[in-house]
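Observations on chain architecture
So the chains spell out like this:
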Amino acid sequence: ILYQATAEAVVSTQSTGSKVQVKVASTETGIIFGNIVYDITGVSGDRSCVVLNDIHIDIMDYIVPSHCSDSEFRKMWAEFEWENKVAIQTNLVDMSTYLSHLLTCTNMACLTPDQALHGDCGFLAANLYAKSVFGEDALANVSVEQDAESRVLTGHIRIRAKSQGMALSLGDKITICQKKEQDA
């Protein structure tokens, strides 16, 4: 909270409003918690508390595609301790289309050169990178394989980040995007 709300004295049947500004400093949880604490005049004892509904923040509002060199990517990959592995579950049968869909869902940039992504080998591997507006890095490695007969795509997306919240939130976002795409 950027500043404390002013205290209000309210009599029975009266109402009042108050606003506070919240500064988001990290993508760690994606949820803002809050409560209202009040005293009743003339009553001794503990303060009363009303717990407010959680406010969920969409991590995609704070992530922007970014670029880094291969050596920077490898260095961060080795340093980042939080990893989230998401299984690929899609109705799409084209690996390039799936990768484009993934880039749109995650706001990540593909670091793998275009010429390395094309061909007819039945396998696609790509490195993705994004940075939050708070300076947090998010890395992803996509490994997709296509069954020659059924054309079904299988594989995994491995997400790495310094914070657990970033890795889990991106994984959740990918899972939600895949579910929406399957339900469409």
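None of these values were measured; they are calculated from a predicted model.

Procedures and definitions
Numbering of residues starts from 1 in each chain and follows the order in which that chain's sequence is written. Confidence filtering applies because this is a predicted model: local features only for residues at pLDDT of at least 70, side-chain atom pairs given and counted only at 80 or more, and all residues used for totals across whole chains, interfaces and linings. Think of the side-chain values as coming from all heavy atoms in the structure, minus any hydrogens and water. Patch membership is restricted to residues that have no salt bridge and whose relative accessible area is over 30%. Joining uses 9 Å for like charges and 5 Å for the nonpolar side chains Val, Leu, Ile, Met, Phe, Trp and Tyr. Surface exposure here means Shrake-Rupley accessible area, sampled with a 1.4 Å probe, where a residue is shielded only by the protein chains that are shown. Any Lys or Arg side-chain nitrogen located within 4 Å of an Asp or Glu carboxyl oxygen qualifies as a salt bridge. Each helix is a run of DSSP H or I of at least 4 residues and each strand a run of E of at least 2, with the numbering of both proceeding from the N terminus. Each residue's exposure class comes from its accessible area (1.4 Å probe, protein chains only) as a fraction of the maximum for that residue type: buried when under 20%, exposed when over 50%, partly exposed otherwise. Grouping buried Ala, Val, Leu, Ile, Met, Phe, Trp, Tyr and Cys residues that are joined through side-chain atoms within 4.5 Å yields what is termed a nonpolar core. Contact definition: two residues touch when any of their heavy atoms are within 4.5 Å. Axis geometry follows a simple rule: fit a line to the C-alpha atoms, using only the stretch in contact for helices, then measure angles between N-to-C directions, giving values from 0 to 180 degrees. Oblique is the label for any angle not covered by the other classes, which are roughly parallel (under 35 degrees), roughly antiparallel (over 145) and roughly perpendicular (65 to 115). When the near helix sits turned anticlockwise from the far one by under a right angle, the crossing is termed left-handed; a clockwise turn instead gives a right-handed crossing. Any helix carries an expected span of 1.5 Å times its number of residues minus one. Directions are taken from the helix axis to each C-beta atom, and the arc is the one they span. The term polar contact refers here to a pair of N or O atoms within 3.5 Å; inside protein, the definition further demands a hydrogen-donor-capable atom paired with an acceptor-capable atom, and it admits residues adjacent in sequence only when both atoms are side-chain atoms. Each cavity reported here is a set of points on a 1 Å grid over the protein atoms alone in which a 1.4 Å probe fits but cannot get out, each pocket an open set with protein on both sides within 12 Å along at least five of seven lines, and each lining residue one with an atom within 4 Å of a point. Grid points are joined across faces, edges and corners, and a volume is the space filled by probe spheres set on the points. As a working rule, the residues Ala, Val, Leu, Ile, Met, Phe, Trp, Tyr, Cys and Pro are called nonpolar, Asp, Glu, Lys and Arg charged, and the rest polar, with Gly in that last group. Two cysteine sulfur atoms form a disulfide, by the criterion used here, when they sit within 2.5 Å.

Right, let's get into a nonpolar patch on the surface. Side chains of Ile-36, Tyr-38, Ile-40, Val-43, Val-50 and Leu-52 sit close together on the surface and give an oily, nonpolar patch of about 520 Å² of accessible area. Looking at where Val-50 falls in the secondary structure, it is placed in strand β3 (residues 48–51). Owing to a relative accessible area of 38%, Val-50 belongs among the partly exposed residues under this scheme.

This part takes up the nonpolar core. The biggest cluster of nonpolar side chains holds 27 residues, and the ones touching the most others in it are Leu-128, Val-144, Ile-157 and Leu-170. Looking at this core, the elements that each hand over two or more residues are α2 (95–106), β8 (123–132), β9 (137–146), β10 (153–161) and α4 (164–183). Setting aside chain neighbours within four positions, we find Ile-157 in contact with Asn-84, Lys-85, Val-86, Ile-88, Tyr-98, Leu-102, Ala-140, Asn-141, Val-142 and Ile-174. Counting residues in hydrophobic clusters, the runner-up holds eight residues, among them Phe-73, Met-76, Trp-77 and Leu-139.

The next thing to look at is the packing of α2 against α4. Two numbers describe how α2 lies on α4: the axes approach to 10 Å, and their chain directions differ by 125 degrees. Here α2 lies oblique to α4, going by the angle between them. Relative to α4, α2 is oriented so that their crossing is right-handed. Judged by residue contacts, Tyr-98, His-101, Leu-102, Cys-105 and Thr-106 of α2 engage Leu-170, Lys-173, Ile-174, Cys-177, Gln-178 and Glu-181 from α4.

On to the pattern of salt bridges. Scanning all chains against the criterion turns up four salt bridges. A salt bridge links Arg-160 to Glu-83, with the shortest nitrogen-to-oxygen separation between them at 2.6 Å. With Arg-160 in strand β10 and Glu-83 in strand β6 (residues 82–87), this residue pair connects regions lying 77 residues apart in the sequence. For Arg-160, a relative accessible area of 16% translates into the label buried.

A word on α2. In a regular helix each residue adds 1.5 Å, so 12 residues correspond to 16 Å; α2 covers 16 Å between its end C-alpha atoms and thus fits that length. For α2, the complete set of buried residues consists of Met-95, Tyr-98, Leu-99, Leu-102, Cys-105 and Thr-106. Taken down its axis, α2 places every buried residue within 125 degrees of arc, on the same side. Two to three positions downstream of the cap, the backbone nitrogen of Ser-96 sits 3.4 Å from a side-chain oxygen, assigning the N-cap of α2 to Asp-94.

Computed from the structure, the largest pocket encloses a volume of approximately 1,200 Å³. Taken together, 30 residues make up the lining of the largest pocket; nearest its centre are Ala-5, Ser-18, Asn-35, Ile-36 and Val-37. Considering every element that reaches the lining of the largest pocket, the biggest residue donor is strand β2 (residues 35–38), with four residues. Taken together, the residues of the lining of the largest pocket sort by class into 16 nonpolar, nine polar and five charged.

Within helix α1 (residues 70–79), the full set of buried residues consists of Phe-73, Met-76 and Trp-77. End-on view of α1: buried residues confined to an arc of 105 degrees, all on one side of the axis. Residues of α1 that are exposed and point over 90 degrees away from its buried face: Arg-74, Lys-75 and Ala-78. Buried-residue contacts for α1 involve β6, β8, β9 and β10.

Inspection of every chain in the model, using the stated rule, returns zero disulfides. Between Cys-68, a free cysteine, and Cys-110, which holds the nearest cysteine sulfur, the sulfur-to-sulfur gap is 12 Å.

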